[in-house]
Structures are given as C-alpha cells and as structure tokens.
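Notes for the structure review
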Amino acid sequence: MDNEDIFEKIGGKLTVNIIVDPFFERILNDDKIAPFFSDSYLDSQLAARKRFLTTLFGGYNDSDLERMREIHKSMVEKDGLNDKHFNAMLIHLKNTLLEAEISPELISQVMERTEGTRKYVLCR
Ligand code: HEM
C-alpha cells in the first residue's frame, strides 16, 4: 500500500483536523520532547502542526526525506535529538491514533511508514 492509500484510509485531512490538538497536547506534556518545540513555529501555528502530522501519517514523498534531514539537523547537532525522542514521538502518535479509534491494522502501517523517516530525522 502506498502513502496516499494509507493517508486516505486513515481519513485524510479530516482525521488530521480531529487529532492535531490531542496529539500536540501529548507532545507538549512530555518533558522529554516538549523543549524542542518551545522555540519553534510548531508551538503555535496550526497549519504547520498539520503539515508535521500529515508527514507523520505517511503523507510524504521520497523527495521530502532529504528535507527532513535539513529541518532536524541543528536539533541533532546542537540539542541532542536522538532515538529516545524519536521513540517517544512514535508512542504519542500511536496512542493518539488508538484514542481516535483508527483500526490497529492501519495504525501499524502508519507506524511502519513513520519508522522509515528515522534515519533522515536523526541525520544518519
Ligand atoms: C517521527 C518522525 C518525524 C517526522 C516525520 C517529522 C517531520 C517534520 C516536518 C515535516 C517538519 C516541518 C513542518 C512544516 O512543514 O512546517 C518538522 C519540523 C519540526 N520537527 Fe520534526 N519530525 C519527526 C520527528 C521529530 C522529533 C522526534 C522531534 C523532537 C522531539 C521533532 C521536532 C521538530 C521541530 C521542533 C520542528 C520545527 C523546526 C523549526 O522550528 O524550525 N521532530 N518535523
């Protein structure tokens, strides 16, 4: 199944709109990862939060992957962004999707797709 199928099956933009607030609430209540967001535009801009979440949903193309490396580069180099933070993000995503009653089968496909961004986000 390709990324567009996953994104549509999960409910597309409608689902993004529904879960964007609960998802960011989880992130901003997690002391391990909240500090990364406190100085970022993601702290306040709803549209940017939705883009972020859409990407996590698997709504990215292969050509976006190198850009992800750029976006997170200084966080890795200066602020120590690592697997611990990435794993925490995956758990928040999974729990948000479970709470939204997305089917377990689709959730595991989303998780697999998001896992595919790890080496880019962590600049390996
Ligand atoms: C799990 C996989 C991840 C994906 C797919 C991802 C994807 C993205 C994308 C697409 C953006 C840009 C949003 C826009 O278009 O404006 C972004 C920005 C950002 N990401 Fe990630 N990200 C991931 C993990 C993380 C983690 C683990 C952290 C920190 C704990 C993080 C912190 C941030 C921050 C702070 C920004 C905003 C950067 C700025 O202010 O310039 N991301 N991410």
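See the structure printed just above.
The sections below set out a description of the structure shown in this document. (Residues numbered from 1 in each chain as written. Predicted model: local features only at pLDDT ≥ 70, side-chain atom pairs only at ≥ 80, totals over all residues.)

**Examining the site of the ligand**
- Close to the ligand lie 21 residues; Ile 33, Phe 36, Ser 40, Arg 51 and Thr 55 are nearest.
- Those elements that place two or more of their residues in the shell around the ligand are α3 (34-38), α4 (46-56), α5 (65-79) and α6 (83-99).
- Counting residues per element, the shell around the ligand draws most heavily on α4, at 5 residues.
- Its residues assigned to classes, the shell around the ligand shows 14 nonpolar, 6 polar and 1 charged. (Near = placed C-beta within 6 Å. Helix = DSSP H or I, 4+ residues; strand = E, 2+ residues; numbered from the N terminus. Nonpolar A, V, L, I, M, F, W, Y, C, P; charged D, E, K, R; others polar.)

**Here's the deal with unusual backbone geometry**
- A positive phi angle, close to 60°, is found at Glu 101, a residue other than glycine.
- Mapped onto the elements, Glu 101 comes out in the loop between α6 and α7 (104-115).
- For Glu 101, a count of 6 C-beta atoms within 10 Å translates into the label exposed.
- One non-glycine residue, Cys 123, adopts positive backbone phi at about 55°.
- Considering the arrangement of structural elements, one finds Cys 123 in the segment after α8 (118-121).
- For Cys 123, a count of 15 C-beta atoms within 10 Å puts it in the partly exposed group. (Buried ≥ 20, exposed ≤ 12 C-beta atoms within 10 Å, placed from the backbone.)

**A short note on the environment of Leu 106**
- Structurally, Leu 106 can be placed in helix α7.
- Spatially, the C-alpha atom of Leu 106 lies 9.6 Å from that of Phe 7, the residues being 99 residues apart in sequence.

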